[in-house]
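# What the coordinates show
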Protein chains: 2
Amino acid sequence: MKPGNLLGTSSISFSRPVYIESAASVVGQKEGEGPLKDKFDRICQDSLFGMDTWEEAESSMQKETASLAIEKAGLAIQDIRMVFAGDLLAQTIASSFGIAEMGLPYYGLYGACSTMGESLSLGSMCAAAGYGSHILCATSSHFATAEKEFRYPLGYGSQRPLSATWTVTGSGACVIGPAAPKNNFGGQKGCAVITGITTGRIVDFGFRDSLNMGGCMAPAACDTICRNFRDFGRTAQDYDAVITGDLGEIGQKILFDLTSEEGFDIREVHQDCGLLIYDNKTQDTHSGGSGCGCAAAVLAAHILPEIAAGNWKRVLFVPTGAMLSKVSYNEGASVPGIAHGIVLEHSIVPPKNSPASAAHLSGKS
Amino acid sequence: MKPGNLLGTSSISFSRPVYIESAASVVGQKEGEGPLKDKFDRICQDSLFGMDTWEEAESSMQKETASLAIEKAGLAIQDIRMVFAGDLLAQTIASSFGIAEMGLPYYGLYGACSTMGESLSLGSMCAAAGYGSHILCATSSHFATAEKEFRYPLGYGSQRPLSATWTVTGSGACVIGPAAPKNNFGGQKGCAVITGITTGRIVDFGFRDSLNMGGCMAPAACDTICRNFRDFGRTAQDYDAVITGDLGEIGQKILFDLTSEEGFDIREVHQDCGLLIYDNKTQDTHSGGSGCGCAAAVLAAHILPEIAAGNWKRVLFVPTGAMLSKVSYNEGASVPGIAHGIVLEHSIVPPKNSPASAAHLSGKS
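Residues numbered from 1 in each chain as written. Chains lettered and ligands numbered in written order. Predicted model: local features only at pLDDT ≥ 70, side-chain atom pairs only at ≥ 80, totals over all residues. Heavy atoms only, no water.

## Comments concerning the pairing of strand S1 (residues 4–7) of chain A
Residues and elements named next belong to chain A. Where S1 meets strand S2 (residues 11–28), 4 bridges bridge the pair, whose relative direction is antiparallel. Residue pairing for S2: Gly 4 is matched across the bridge by Phe 14. In this structure, the hairpin formed by S1 and S2 is closed by a connection of 3 residues, where Gly 8 is found at a positive phi of approximately 55°. (Pairing = 2+ DSSP bridges. Helix = DSSP H or I, 4+ residues; strand = E, 2+ residues; numbered from the N terminus.)

In C-alpha cells, the structure reads:
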C-alpha cells in the first residue's frame, strides 16, 4: 500500500492516518494570563527561564517542551527516531542549541511562524512512510528574542502600531507516529490523527510593512486553504474549524476578503491562534499573538485536546509564516508569506489488541 | 513494499533507489578560476549577478541554478512537486526570495553548510515514498552575504587566520525522483542514484572559534560517517570515496584522528569539497572552501558526473554544517556541528521500455 495519495498539485491524503501520540506546551507569564491559561502544561513566570540570555531562555523552553512531550507519550529520548524543529532566530539557534543535547537525528527547519506546520508535514510524511515509530515535531518563539531579531532593542520602548502583533513566548511539541498512542491522549476518550497535508507555497503580494504581519501572511493562508479545499474536494462546511497561525485581527479580515474572492466563505469556521491566546482588549496585544510558538502552543494546549475529546471531528490547521529578515527588510524587500495546511481528525484509539495501524476515524458527516 | 528499511538508530536503506535526474551548478569568478573550472555549468564574472544587493545576487544565483536543473531534466517548473531548499542567511532569505517566484510547494531548511545533505535526505525520503515524481533540492552560499552575516564588513579588509575557510559563491541544485531520468545524466552512460541516508545529529565538542569551522564540524562528520559504516555494515573499503562538505585542511586532520579512534581508517578514500574547489596555495583560500554552495556545487559539477560515468561505484557524500549565529557567537556559545550522510551509487539507466522503477545497480564489489 502506498503511504499516501497525491491530490492536486500539492496535497497528500495519507492511506493510514498518522497518530499524534502526545503534545506539550510551555509558555511565559503573559500567555499564562490569557484566555487559554488553564490549558497549558507549564507557565513559567521567569521570562529568562533560569538562563542568562534570551536565546538560552528560548532554547531551554523548547527543550523542556520537547522532553515533556516525550514523557507524556510514555517514551524515552532514545525512542525518538528523528526530530523536525525550527524557530524564528537567525540560523535557528533556539532549536539547534535546544534540541542539541538530546543527541537525536535532527532536521532543522525554517518556515517563519509556519514552522509547526512544516514540521508536522514532514514528520507525518515520514511516519506514514514507515521511516520511524516516533517522530518529534517542535518549535518555539520568545517575545524578547524576536524583538531583538526583527525589531528594536526592548530598552527603546518603541511604540507599536495597532496592526502589530505580539510575539508569543511559548513552545509546542508533538510526538507523532504510525501507531496509536500508548496512553489515551491526555486521558481523553479518543485522540487526534493527521489524515492529510497541503504543502505551502511562498506567496508575495508585495507588502513591505513588517509591523503588519497579518497582511503579509493572509494571501499565503488564502492560497493554502483554497488549494486544500479544491485538492480534497471540500468546503468550509467539511471542517469544524479552519485555524490559522497568527493572522490577528487585521490578517483575518483580509483572509475573509481573499477567500470570498475565491468563492469560499470561511467566516463561520475560522479561528486564529493569535486571537485565541491573548485577550487583545485587556492584554494590550494590538492585533493578536504571533510567532512559531503561538500556533504550536495553541495546537498542543487547545486544538488537539478538543479533537481528542471529539468536540471537533475535523480541523484544518494552517500555521502562517512571514518570510523576512532584518537585512531583507532594510534593503526594501517585500515580505512574502507561506502557510502549511495539516488536516487533523478525531479518532477512536483502537483497543490494545487490535492492529496498531488500523485507525478508527469518525469522520465529520 | 516498504519505501525503505530502517538501519541502526538513524539510517535508511531505500527499497528502490532514488534517481538523480539532473544536477546544475552556478558559481562565481573565484570558483571559476579553481581546479574544477571546466566542470561548472555557468561561471558568473559579476559577483552581484546583475542585482543591487549581495542578498539579491545570491537569490538570483540560486534561482538560476534551480531553473537550469529543471531544464536539464527535460522538465517544466510545474512538473516539480515540491522543493527542499535553504541557505546560510538569517531567516534563509536567499532561498525564500530565490525560489519564491517559482510558486512551488516549498519546505525551507536550515542545516548551515550541511543543507544540501538535509535537502537530499528529505527529498529522497519523499521520492522513495511516492510523494512526488520530481523533487527539487537546492542550496547556495555567497562570499559577500556570508561575510556580512557571520563575520565583518568586507570594507574592513579584516585579516583571516590560516584556519579560516573561504565561503564559496555558488549554488547547486538537483532534480530527483523515483524513475530514471528522461535523458541520460549529462550524456553519460549511466546515472547516479541515492540508495540510503544517515541522518545527522548535532554534535557539540565545545569549540568556540568561528574562524575554525573545520574544527567545529569534524566531530559531527566523524559521528555521521561512523554511524553510516556501522548501520550499513560497511567500512571505508566499501566506498570509492567518502566526501565531506567543507572541513578544509584543518578539519580533515581532526576527522582522520577522530575516525581512527573509532576504529575506521578513511585516509585513502576521503575527499573534501572545500579542498576540491580551490587551489589553496595559489588562491589564498587558507584552509579551503566552505558554505552550503561548496558541497552543492561540487556535488553537481564533479561528484555526480564521476558516478554517472561509472568512475566511482559508491560514494558517501557528507555535507557538514556549523551551527552558529552572530548572536550565539557573541554571547559566548559554542559552535556545534551537524553532518548528513547520503549514499550515492552508480546505476545503469534502464532501457526506455523497462519498468522505470527497476534500477540496475552495479554495486561496488
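So that's the structure; there's more coming.
## Details of the packing of helix H1 (residues 54–72) of chain A against helix H4 (residues 143–150) of chain A
Residue and element names in this part refer to chain A. Between H1 and H4, whose axes approach to 8 Å, the crossing angle comes to 130°. By the angle between their axes, H1 is oblique relative to H4. For the pair H1 and H4, the crossing hand works out as left-handed. Residues Trp 54, Glu 55 and Glu 58 of H1 lie in contact with H4, whose contacting residues are Ala 144, Thr 145 and Lys 148. A class-by-class count of the residues in the contact of H1 with H4 yields 2 nonpolar, 1 polar and 3 charged. (Axes fitted to C-alpha atoms, helices over the stretch in contact; angles between N-to-C directions. Parallel < 35°, antiparallel > 145°, perpendicular 65-115°, else oblique. Left-handed = near helix turned anticlockwise from the far one by under 90°. Contact = heavy atoms within 4.5 Å. Nonpolar A, V, L, I, M, F, W, Y, C, P; charged D, E, K, R; others polar.)

## Quick word on unusual backbone geometry
In this structure, A:Ala112 takes a positive phi of about 50° despite not being glycine. Its location among the elements puts A:Ala112 in the loop between strand S5 (106–109) and helix H3 (115–128). Look at A:Ala112 and you get buried, because its relative accessible area is 1%. The backbone of B:Gln91 shows a phi angle near 60°, a positive value even though the residue is not glycine. As for its position among the elements, B:Gln91 is in the loop between strand S4 (82–87) and helix H2 (93–98). Residue class for B:Gln91 comes out buried when judged on its relative accessible area of 2%. (Buried < 20%, exposed > 50% of the residue type's maximum accessible area, 1.4 Å probe, protein only.)

## Some points on helix H1 (residues 54–72) of chain B
All names here are of chain B. Its 19 residues give H1 an end-to-end C-alpha distance of 27 Å, which sits within 8% of 27 Å, the value for a rise of 1.5 Å per residue. Of the positions making up H1, those classed as buried are Glu 55, Ala 57, Glu 58, Ser 59, Met 61, Gln 62, Thr 65, Ala 66, Leu 68, Ala 69 and Ile 70. Looking one or two residues beyond H1, the residue adopting positive phi is Gly 74, at roughly 75°. (Expected span 1.5 Å × (residues − 1).)

## Some words on the environment of B:Phe49
Residue and element names in this part refer to chain B. Within the secondary structure, Phe 49 sits in the loop between strand S3 (42–44) and H1. Residues Phe 49 and Ser 59, 10 residues apart in the sequence, show an inter-C-alpha distance of 9.4 Å. When near neighbours in sequence (up to four residues on either side) are disregarded, Phe 49 contacts Val 26, Val 27, Cys 44, Ala 57, Ser 60, Met 61, His 142 and Thr 169.

## Here's the deal with the interface of chain B and chain A
Where interface size is quoted, it is often the accessible area lost as the parts come together. Opposite the 61 residues of chain B that make contact, chain A presents 61 residues. Summed over the three residues of chain B that lose the most area to chain A, namely B:Gln91, B:Tyr107 and B:Tyr131, the buried surface amounts to 17% of that side. The tally of links from chain B across to chain A stands at 2 salt bridges. Ionic pairing is found between A:Lys148 and B:Glu331, a salt bridge with its closest N-O pair at 3.0 Å. (Buried area = accessible area lost by both parts, 1.4 Å probe. Salt bridge = Lys/Arg side-chain N within 4 Å of Asp/Glu carboxyl O.)

## Notes on the nonpolar core
Within the largest apolar cluster, 117 residues are counted, with the highest numbers of intra-cluster contacts made by A:Ile303, A:Leu344, B:Ile303 and B:Leu344. What B:Ile303 contacts, discounting residues up to four positions off in sequence, is B:Ile243, B:Cys273, B:Val298, B:Trp312, B:Val315, B:Phe317 and B:Leu344. (Core = buried A, V, L, I, M, F, W, Y, C linked by side-chain atoms within 4.5 Å.)

## Focus: the state of the cysteines
Counted by the stated rule, this structure contains 0 disulfides over all chains. Lacking any disulfide linkage, A:Cys191 is separated from the closest cysteine sulfur, that of A:Cys174, by 12 Å. Cysteine B:Cys226 is unpaired, with the sulfur of B:Cys222 as its nearest cysteine sulfur at 3.9 Å. (Disulfide = S-S within 2.5 Å.)

## A closer look at the relation of the copies chain B and chain A
Once turned by 180° and shifted 0.0 Å along the axis, chain B lies on chain A with an RMSD of 0.0 Å. One copy is carried onto the other by what is essentially a two-fold rotation axis. Mapped onto chain A, 100% of the interface residues of chain B again fall at the interface, so both copies present the same surface. (Least-squares fit on C-alpha atoms with pLDDT ≥ 70 in both.)

## Some words on the side chain of A:Glu149
Secondary-structure assignment places A:Glu149 in helix H4. Classification of A:Glu149 as buried rests on a relative accessible area of 7%. Apart from the residues lying within four places of it in its own chain, the contact partners of A:Glu149 are A:Leu88, A:Leu89, A:Ala90, A:Lys326, B:Ala90 and B:Gln91.

## Describing the layout of surface pockets
By rolling a water-sized probe across the atoms, one finds the places where empty space is left. Considering only enclosed or pocket space, the largest pocket measures out at about 660 Å³ in volume. What lines the largest pocket is a set of 29 residues, and nearest its centre among them are A:Met1, A:Pro3, B:Met1, B:Lys2 and B:Pro3. When residues of the lining of the largest pocket are traced back to their parent elements, those giving at least two are S2 and H3 of chain A together with strand S2 (11–28) and helix H3 (115–128) of chain B. (1 Å grid on protein atoms, 1.4 Å probe; cavity = no way out; pocket = protein on both sides within 12 Å on 5 of 7 lines; lining within 4 Å. Points joined across faces, edges and corners; volume = space filled by probe spheres on them.)

## Here we look at the environment of B:Gly170
In this fold, B:Gly170 is placed in strand S8 (residues 170–177). When the C-alpha positions of B:Gly170 and B:Cys137 are compared, they lie 15 Å apart, and in sequence the two are 33 residues distant.

## Overview of the confidence of the model for chain A
Residues and elements named next belong to chain A. Across chain A, pLDDT averages 94, with 96% of residues at or above 70. Under a pLDDT of 50 for its full length, residues 355–360 has, in the predicted model, 15 contacts with residues more than four places off or in other chains. Predicted as a complex, the structure gets a pTM of 0.96 and an ipTM equal to 0.95. (pLDDT = per-residue confidence, 0-100.)

## Details of the packing of aromatic side chains
Residues and elements named next belong to chain A. Tallied over the full model, the rule gives 10 aromatic pairs over all chains. Through a chain of ring-to-ring contacts, the aromatic side chains of Phe 229, Tyr 239 and Phe 264 assemble into a single cluster. When the ring centre of Trp 166 is taken as origin, the NZ or CZ atom of Lys 30, which lies over that ring, is 4.4 Å away. (Phe/Tyr/Trp six-rings, centres within 6.5 Å; stacked < 30°, edge-to-face > 60°. Lys NZ or Arg CZ within 6 Å of the ring centre and 35° of its normal.)

## Notes on the pattern of salt bridges
Residues and elements named next belong to chain A. Counting across every chain of the model gives 28 salt bridges over all chains. Across the pair Arg 160 and Glu 147 runs a salt bridge whose closest N-O atoms are separated by 3.3 Å. Taken together, the positions of Arg 160 in the loop between H4 and strand S7 (166–167) and Glu 147 in helix H4 put the pair 13 residues apart, joining distant regions of the chain. The class of Glu 147 is buried, set by a relative accessible area of 7%. The residue Asp 223 makes a salt bridge to Arg 227 at a minimum N-O spacing of 3.1 Å. On the criterion of helical spacing, the pair formed by Asp 223 and Arg 227 is a turn pair, its members being 4 residues apart in helix H5 (residues 213–232).

## Brief notes about H3(B)
Compared with an ideal rise of 1.5 Å per residue, which puts 14 residues at 20 Å, H3(B) spans 20 Å between its outermost C-alpha atoms and is within 8% of the ideal. Counting buried positions along H3(B) gives 13 out of 14 residues, so the element sits mostly inside the fold.

## Structural notes on the pairing of S4(B)
Every regular strand shows the same layout, with side chains that alternate between the two sheet faces. Residue and element names in this part refer to chain B. With respect to burial, S4 is a largely interior element, 6 of its 6 residues being buried. Burial along S4 is two-sided: Met 82, Phe 84 and Gly 86 and Val 83, Ala 85 and Asp 87, pointing in opposite directions, are all buried. Sheet analysis places S4 next to strand S6 (residues 135–141), joined by 6 bridges and oriented parallel. Bridge pairing in S6 places Ala 85 opposite Ala 138.

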